[in-house]
Amino acid sequence: MSASGNGVGVWAYLAEYERDRTEILAAVDRVFSSGRLVLGESVRGFEDEFAAYNGVEHCVGVDNGTNAVKLALQAVGVRPGDEVITVSNTAAPTAVAIDEIGAVPVFADVREDTYLMDIDTVEDLITPRTRCVLPVHLYGQCVDIPRLREITGTLPVVEDCAQAHGATGPGGRAGAMGEAAAFSFYPTKVLGAYGDGGAVTTSDAGTARTLRRLRYYGMEERYYVEETPGHNARLDEVQAEILRVKLRRLDEDIAARRRIAERYHDGLGDTGLTLPAIGTGNDHVYYLFVARHPRRDELLKLLADQGIHLNVSYPWPIHTMRGFDKLGYRAGDLPVTEKLADEVFSLPMYATLTREDQDRTIAAVRDVLAVIA
Ligand SMILES: *Cc1c(COP(=O)(O)O)cnc(C)c1O
């Protein structure tokens, strides 16, 4: 996924490290010198700062985004056998997390314009076993949560915010709209650690308390398990302290992503590529800049020949994956999702992407499209 040799890739962090190196290393040193390596001041500090950033009461740091989804679902009451409505055109961990706690993912199809959950199809998916809705704020823009709730009523909403740090939608800030919300700080994400990390946000004190227990073996008091299944899912102190540094720059980094998106729109708007459509009331943070073309595979191959290595998120809809055979879906069940999987691809997108690499990408895409169009 990273830039190789002289090429351009969809993501690379070394330019960022060069920019922030002194601050990152100072953060690591603060932790190593603090005398406390697990669940100390850095995790607590980051939790307070990230809660404030999102406008919520509580943030519980966890070890990765998959466990953030898992613990959030468990904390709002999802139990083995319960159904959770989500989408199939997301990162597989969204569904892996549901499956891991013994619950059953039920997939809604998505909208052809924004690629987000098609709320109009959700009503038909609700059964007596439905326990929760897990909308994914895919690629950096938010599902319309108020409209979703008109359909799902009192069912708890857990937002998958792994791609939407800092985004706002029609219902407000990502992470502040659901009963709970799961974030990932995997390095490529809009707010990324230097390793794995995650968090769950909520404004409900009881849910926050449950989450703290679930990430700590199910213990509230040391050595005494209050609840099963518990987990060891703690956010690491070092990653937390690095995340505090990076959180201070997050809005600036998002602004940089938006400027890059604008340049792609300016440079490629007239080429016949389908570029991202912004949903009403959305402020996109461009975790990914996803374009669409019916001859995607051919396009990507020709671009790779020119040193532009692009990525597909995601090439396989989850409901068609062998690991999820047990859910009983068949190809054709989610037509929009399946069509998108054949046509979408991501242009390079990260805050430190140089203008030169943006221009090179735009020029190469224009070149190749002139050949295959
Ligand atoms: C990255 C991601 C996750 C999983 O996060 P990890 O930190 O890699 O476990 C879950 N959901 C979505 C939508 C993601 O993009």
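The following refers to the structure shown.

What counts as what
- Residues numbered from 1 in each chain as written.
- Predicted model: local features only at pLDDT ≥ 70, side-chain atom pairs only at ≥ 80, totals over all residues.
- Heavy atoms only, no water.
- Buried < 20%, exposed > 50% of the residue type's maximum accessible area, 1.4 Å probe, protein only.
- Helix = DSSP H or I, 4+ residues; strand = E, 2+ residues; numbered from the N terminus.
- Contact = heavy atoms within 4.5 Å.
- Axes fitted to C-alpha atoms, helices over the stretch in contact; angles between N-to-C directions.
- Left-handed = near helix turned anticlockwise from the far one by under 90°.
- Nonpolar A, V, L, I, M, F, W, Y, C, P; charged D, E, K, R; others polar.
- Pairing = 2+ DSSP bridges.
- Near = heavy atom within 4 Å.
- Polar contact = N/O pair within 3.5 Å; in protein donor to acceptor, adjacent residues only side chain to side chain.
- Areas by Shrake-Rupley, 256 points an atom, 1.4 Å probe, with all protein chains shown as cover.
- Parallel < 35°, antiparallel > 145°, perpendicular 65-115°, else oblique.

**What about helix α10 (residues 335-343)?**
Here comes step 1: Residues V336, T337, E338, L340, A341 and E343 constitute the buried set of α10.
Here comes step 2: As for α10, its buried residues are in contact with β13 (289-292), α9 (296-305) and β15 (344-347).

**Description of the packing of helix α2 (residues 41-54) against helix α7 (residues 237-248)**
Here comes step 1: Following both chains from N to C, one finds α2 and α7 inclined at 35 degrees, their axes separated by 8 Å at the closest point. When you trace α2 past α7, the crossing you get is left-handed. Together, E41, S42, V43, G45, F46, E49, F50 and Y53 of α2 and E237, A240, E241, L243, R244 and L247 of α7 make up the contact between the two elements.
Here comes step 2: Split into classes, the residues belonging to the contact of α2 with α7 amount to seven nonpolar, two polar and five charged.

**Some thoughts on the sheet that holds strand β9 (residues 180-184)**
Here comes step 1: Strand order in the open sheet formed by four strands is β2-β10-β9-β6, with mixed pairing between adjacent strands. Each of the sheet's edge strands pairs with one partner strand only, and the pair in question is β2 (58-62) and β6 (158-160). Between one strand axis and the next, the sheet turns by 20 degrees as a mean value, whatever way the strands run.
Here comes step 2: Across four bridges, β9 lies against strand β10 (residues 198-202) in antiparallel orientation.

**Describing the site of the ligand**
Here comes step 1: As a matter of local geometry, the ligand sits amid 14 residues, with G65, T66, Q163, S184 and K189 nearest to it.
Here comes step 2: A distance of 2.6 Å separates an oxygen atom of the ligand from a polar side-chain atom of T66.
Here comes step 3: Side-chain polar atom of D160 to a nitrogen atom of the ligand: 2.8 Å apart, as the coordinates give it.
Here comes step 4: Here the ligand loses 92% of its free accessible area of 380 Å² to cover by the protein chains.
Here comes step 5: Sorting the residues of the shell around the ligand by element identifies α3 (65-75) and α4 (93-100) as the ones contributing at least two each.

**With respect to the packing of α9 against helix α11 (residues 355-372)**
Describing two packed helices takes the angle between their axes plus the distance from one axis to the other.
Here comes step 1: In the contact formed by α9 and α11, the axes pass within 10 Å of each other and the chain directions differ by 130 degrees. In terms of orientation, α9 and α11 fall into the oblique class. Where α9 crosses over α11, the handedness of that crossing is right-handed. Across the interface between the two elements, E298, L299, L302 and L303 of α9 pack against A364, V365, V368, L369 and I372 of α11.

As far as function goes, none of this settles anything; it's purely spatial.
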